Amino acid sequence: MNKKERLVAAIKNGTVIDHIPAEKTYQVVALLELDKLTTPVTIGNYFESKMVGRKGIIKVSDKIFSDEEISRLSVVAPKVVLNIIKDYEVVEKKTVETPDELRGIVKCNNPACITNNEPMETVFTVADKEHGIIKCRYCDKEQDISKVKLC
Amino acid sequence: MENHNFVTIADLSKEIVLYLLQMAQEFEKHPNREILKGKVVATLFFEPSTRTQLSFQTAANRLGARVIGFSDAKTSSTTKGETLKDTILMVSNYADIIAMRHFIEGAAQYASEVAPIPIINAGDGAHMHPSQCLLDLYSIYKTQGTLENLNIYLVGDLKYGRTVHSLIMAMRHFNPTFHFIAPKELAMPQEYKLYCKENQIKFQEHTAFNEKVIADADILYMTRVQKERFSDLMEYERVKNSYILKNDMLSLAKPNMKILHPLPRVNEIAYDVDANPHAYYIQQAKNGLFAREAIFCYCLGISLEDIKNDKTIIK
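The model shown is predicted, which means the values in this text are computed figures rather than measured ones.

Some words on the overall build of chain B
Across its full length, chain B holds ten helices and nine strands. In terms of its C-alpha atoms, chain B occupies a principal-axis envelope of roughly 55 × 45 × 40 Å. For chain B, the proportion of its 315 residues judged to be buried stands at 46%. In chain B, once contacts between residues fewer than 6 apart in sequence are set aside, the share between residues at least 24 apart is 77%.

Some remarks on the sheet that holds strand 3 (residues 53-61) of chain A
Paired through backbone hydrogen bonds, the strands of a sheet run either parallel or antiparallel to each other. Residues and elements named next belong to chain A. In spatial order, the strands read 2-3-1-4-5; together these five strands make up an open sheet with antiparallel pairing. The strands lining the two open edges of the sheet, one partner per strand, are strand 2 (41-49) and strand 5 (89-95). Direction aside, neighbouring strands of the sheet carry axes that sit 20 degrees apart on average. With six bridges connecting them, strand 1 (residues 14-21) and strand 3 associate as antiparallel partners. Its bridge partner being in strand 3, threonine 15 is matched across the sheet by valine 60.

What about the pairing of strand 1 (residues 40-45) of chain B?
Of all six residues making up strand 1 of chain B, five are buried, and the element is well covered by its neighbours. Viewed along the sheet, the connection from strand 1 of chain B through helix 2 (residues 50-62) of chain B into strand 2 (residues 66-70) of chain B turns out right-handed.

Some words on the nonpolar core
All names here are of chain B. Of all hydrophobic cores here, the largest spans 126 residues; its most connected members are Ile98, Tyr153, Leu154, Leu220, Tyr221, Ala294 and Phe296. Among the elements that make up this core, the one with the highest residue count is helix 9 (residues 281-299) (nine residues). When near neighbours in sequence (up to four residues on either side) are disregarded, leucine 154 contacts Val164, Phe178, Phe180, Ile181 and Tyr221.

Quick notes on the interface of chain B and chain A
At the junction of the two partners, chain B supplies twelve residues and chain A supplies 15 residues. Elements supplying a minimum of two residues to the side of chain B that touches chain A: helix 3 (84-92) and helix 4 (107-114) of chain B. It is helix 4 of chain B that contributes the most residues to the side of chain B that touches chain A, three residues altogether. Grouping the amino acids of the side of chain B that touches chain A by side-chain chemistry returns four nonpolar, five polar and three charged.

Observations regarding the environment of isoleucine 9 of chain B
Residue and element names in this part refer to chain B. With respect to the helices and strands, the residue isoleucine 9 is situated in the segment before helix 1 (14-29). Overall, isoleucine 9 belongs to the buried group, with 23 C-beta atoms counted inside 10 Å. Between the C-alpha atoms of isoleucine 9 and threonine 79, which are 70 residues apart in sequence, the distance is 31 Å. Non-local contacts of isoleucine 9, meaning those with residues more than four positions away in its chain, are made with Pro130, Cys133, Leu134, Ser166, Met169 and Ala170.

Details of the packing of helix 1 of chain B against helix 9 of chain B
Residue and element names in this part refer to chain B. Two numbers describe how helix 1 lies on helix 9: the axes approach to 8 Å, and their chain directions differ by 120 degrees. Overall, the two elements helix 1 and helix 9 adopt an arrangement that is oblique. Judged by the sense of rotation from one axis to the other, the crossing of helix 1 with helix 9 is right-handed. Taken together, the residues of helix 9 that come into contact with helix 1 (itself represented by Leu20, Met23, Ala24, Phe27 and Glu28) are Phe290, Ala291, Glu293, Ala294, Cys297 and Tyr298. Along the lines of polarity and charge, the residues of the contact of helix 1 with helix 9 split into nine nonpolar, no polar and two charged.

What about the confidence of the model for chain B?
Predicted confidence across chain B gives a mean pLDDT of 94, with 100% of residues reaching 70 or more. Complex prediction metrics read pTM 0.88 and ipTM 0.89.

Points about helix 9 of chain B
Residues and elements named next belong to chain B. The first and last C-alpha atoms of helix 9 sit 27 Å apart over 19 residues, in line with the 27 Å expected at 1.5 Å per residue. Where burial is concerned, most of helix 9 is hidden: 14 out of the 19 residues are buried. Following helix 9 by one or two positions, glycine 301 has its phi on the positive side, about 75 degrees.

A look at the packing of helix 6 (residues 162-170) of chain B against helix 7 (residues 190-198) of chain B
Between two packed helices, what matters for the description is the angle formed by their axes and the separation of those axes. All names here are of chain B. At a minimum axis separation of 10 Å, helix 6 and helix 7 run at an interaxial angle of 10 degrees. Relative to helix 7, helix 6 is oriented roughly parallel. Mapping the contact onto sequence places His165, Ile168 and Met169 in helix 6 and Tyr192, Tyr195 and Cys196 in helix 7. Broken down by class, the residue content of the contact of helix 6 with helix 7 amounts to five nonpolar, one polar and no charged.

Let's talk about the domain arrangement of chain B
Residue and element names in this part refer to chain B. Taken domain by domain, chain B holds domain 1 (14-128 + 288-308) and domain 2 (131-284). Its C-alpha centre places domain 1 at a distance of 27 Å from the equivalent point of domain 2. Taken together, the contacts link 16 residues of domain 1 with twelve residues of domain 2. Those elements giving two or more residues to the side of domain 1 that touches domain 2 turn out to be helix 1, strand 4 (119-124) and helix 9. Grouping the amino acids of the side of domain 1 that touches domain 2 by side-chain chemistry returns eleven nonpolar, two polar and three charged.

Reading the values: rules and limits
- Residues numbered from 1 in each chain as written.
- Chains lettered and ligands numbered in written order.
- Predicted model: local features only at pLDDT ≥ 70, side-chain atom pairs only at ≥ 80, totals over all residues.
- Helix = DSSP H or I, 4+ residues; strand = E, 2+ residues; numbered from the N terminus.
- Buried ≥ 20, exposed ≤ 12 C-beta atoms within 10 Å, placed from the backbone.
- Contact = placed C-beta atoms within 7 Å.
- Pairing = 2+ DSSP bridges.
- Axes fitted to C-alpha atoms, helices over the stretch in contact; angles between N-to-C directions.
- Right-handed = clockwise from strand over helix to strand, strands pointing away.
- Core = buried A, V, L, I, M, F, W, Y, C linked by C-beta atoms within 7 Å.
- Nonpolar A, V, L, I, M, F, W, Y, C, P; charged D, E, K, R; others polar.
- Parallel < 35°, antiparallel > 145°, perpendicular 65-115°, else oblique.
- Left-handed = near helix turned anticlockwise from the far one by under 90°.
- pLDDT = per-residue confidence, 0-100.
- Expected span 1.5 Å × (residues − 1).
- Domains from an automatic or database assignment.

Structure, rendered in structure tokens:
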């Protein structure tokens with residue numbers, strides 16, 4: 001790849017999160033709590049992408065995300081790819097697995113639900129992985145994962 | 001036997017449902033006992049519901065427990081901004097079991113997760129009302145001799161009526177055939193029809209309500225069609241009298257057919273039906289006492305065997 005094509009600087013060790021739909025990039029930043037990291041983070045956005053139209057790309061040095069952290073992304077960007085980098089080389093590609101349960105990640109859409117009326121953690125079970133339907137543990141309302149707000 | 005929460009009936013197995021009905025049967029034989037002597041029952045009603053609260057309190061009193069509680073959130077610390085969790089934990093210091101009614105959906109589930117003592121859901125908003133469901137099941141079981149293979153007709157407000165939704169879920173073990181009779185605006189929501197399909201529950205939908213439609217019914221479960229549920233008041237005016245059960249509509253009814261209603265009724269069952277032997281809604285409310293006695297004992301770890309061998313019966 002020549003300099004013109006290179007979008008953002010390569011990292012030696014860490015994780016490159018690619019194919020983030022451009023409008024979701026900063027939600028990914030929030031979900032992975034990248035603002036709290038003290039290692040170098042490069043955030044690029046609105047690059048052309050054949051896969052998602054316009055994409056974001058995030059490079060995080062010296063950080064490997066746990067499966068739990070990665071599963072949080074299923075809410076906003078289920079198709080992202082995480083490249084694990086060691087010594088400038090991609091040694092592993094990880095995709096997002098939708099977990100069976102989402103804890104404290106999204107809000108319930110039902111204003112009459114206890115989770116919106118009490119200082120407590122939300123819990124959703126994934127009712128239908130294929131169609132992205134999640135169900136509130138408390139009020140039982142099923143909701144579309146693409147239409148819920150982050151906590 | 002261990003302690004239990006009673007938050008929803010949807011998750012209970014067939015065995016547990018039948019076990020609870022057998023318990024209720026024992027309480028119907030001998031409702032007055034001292035099996036809960038020394039226990040303190042708290043009835044926390046964050047939303048007023050006189051009938052349900054009286055029923056729970058009567059059940060506790062008839063089993064020898066003492067009762068504390070409130071009947072309106074205005075008289076609790078909720079008005080001072082106390083969280084539900086704190087209220088529940090505070091009351092857990094005093095009582096052995098809590099029966100709670102709340103206007104917020106999922107409140108009972110949350111309470112059961114934070115409380116060290118059993119929680120009974122006495123209704124949580126538009127969500128669940130499992131003790132009503134158990135008394136409905138007991139009424140069906142008692143009048144039909146079984147819960148298996150029955151034709152159950154649900155009439156009126158099937159959109160917002162939580163009792164009919166709970167009944168569908170609880171009956172899934174017993175191969176029922178449901179008939180949904182409702183105006184279009186209050187038709188059975190898609191999610192419950194999907195639930196029926198997923199659980200191989202047979203159902204038919206009708207908008208007409210007349211003697212021919214209900215001729216095959218074993219159970220006719222009436223609910224209130226409330227004006228405030230309609231977005232279009234013209235539509236309400238058009239249908240309001242279409243879902244009223246009148247005595248002359250019962251001429252083709254099967255001999256075993258019984259009419260249930262969660263009460264209170266307004267005008268959906270004409271008063272001339274009350275004397276008809278098919279009418280069962282007043283006895284149904286009485287069954288609530290036995291069902292709630294069963295719920296208290298089940299939650300406090302008292303077994304059916306304990307109840308059968310109970311030496312505290314007051315004759």
